[in-house]
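# Geometric and topological summary
Each chain is listed here by its residues.
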Amino acid sequence: MIGVAVCLYLDYVYIRQKATPMLNDHEPRASETARGPQRLDNSRFAPANRRRLSAPALRTFLAIADLWGLTEEQRLLILGYPSRSTYHNWCKQAREHGAFTLDVDVLTRISAVLGIHQGLGILFPTEQLGVAWLRTPHNAVVFGGRPPLDLITNGSQDGWLTVRRFLDGARGGLYMQPNTIDEAFTPYDDTEIVFR
């Protein structure tokens, strides 16, 4: 028997096996526990790999940003607010299929936008309906009555990750309509928050 726990906020799945062990189950060796948790292969972050991905990633980001109708300011906020000259240089290089290397942070931000776009494509029959969902105020607690696009373009990683996770949960069927407690919730204001 296998038990599965899903954590929506941390975006992970924990699978625990009960009773019948699998054939490859074994006690961890000292060498395995000394290494600690499994880490990503560092070659993913190598300059050559980032250089290979940068131009196509930025071209795709620009196409999605055009589809969503993002302003230049919103695009800069999503990308971590590089200088305007750097942004325009990246765009020129990407459109000309030139070679340049984006930071891991910028590529991660673009990856999140690609994931959001993919989620919208799965959940909505047309791109226009997906864009309309992004621009319409939403009743889910995580959006606080604001459009999801406001979170994506607020400049923080937390914003676009929240939208990405929400769409991933909705794709998996985990979204539920707000209950009466959620509907009656009024956001806190600064006077109600106390630090001790």
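Please refer to the structure higher up on the page.
The text that follows walks through the structure, step by step, so that each part is easy to find. (Residues numbered from 1 in each chain as written. Predicted model: local features only at pLDDT ≥ 70, side-chain atom pairs only at ≥ 80, totals over all residues. Heavy atoms only, no water.)

## Overview of the packing of aromatic side chains
- In total, this model carries 5 aromatic pairs according to the counting rule given.
- Taking the centre distance of 6.0 Å and the plane angle of 15° together, the rings of Trp133 and Phe166 count as stacked. On the criterion of sequence distance, the pair formed by Trp133 in helix α6 (residues 127–135) and Phe166 in helix α8 (residues 157–171) is long-range, its members being 33 residues apart. Each member of the pair Trp133 and Phe166 is classed as buried.
- With a centroid separation of 4.9 Å and an interplanar angle of 70°, the aromatic rings of Phe143 and Phe166 are classed as edge-to-face. On the criterion of sequence distance, the pair formed by Phe143 in the loop between α6 and α7 (148–152) and Phe166 in helix α8 is long-range, its members being 23 residues apart. Grouping residues by exposure puts Phe143 and Phe166 together as buried. (Phe/Tyr/Trp six-rings, centres within 6.5 Å; stacked < 30°, edge-to-face > 60°. Helix = DSSP H or I, 4+ residues; strand = E, 2+ residues; numbered from the N terminus. Buried < 20%, exposed > 50% of the residue type's maximum accessible area, 1.4 Å probe, protein only.)

## Some points on the nonpolar core
- Ranked by internal contacts, the top residues of the largest apolar core, which has 37 residues, are Leu58, Phe61, Trp68, Ile116 and Ile152.
- For this core, the secondary-structure elements that each account for two or more residues are α2 (47–68), α3 (72–78), α4 (84–95), α5 (104–123), α6, α7 and α8.
- Broken down by element, this core gets its largest block of residues, 8 residues, from α2.
- For Ile152, the residues in contact, after removing those within four places along its chain, are Trp68, Ile78, Ile116, Leu134, Gly159, Trp160 and Val163. (Core = buried A, V, L, I, M, F, W, Y, C linked by side-chain atoms within 4.5 Å. Contact = heavy atoms within 4.5 Å.)

## Quick notes on the side chain of Arg75
- In this fold, Arg75 is placed in helix α3.
- Every residue in contact with Arg75, bar those within four places of it in the chain, is listed here: Phe61, Leu62, Ala65, Asp66, Leu70 and Tyr87.

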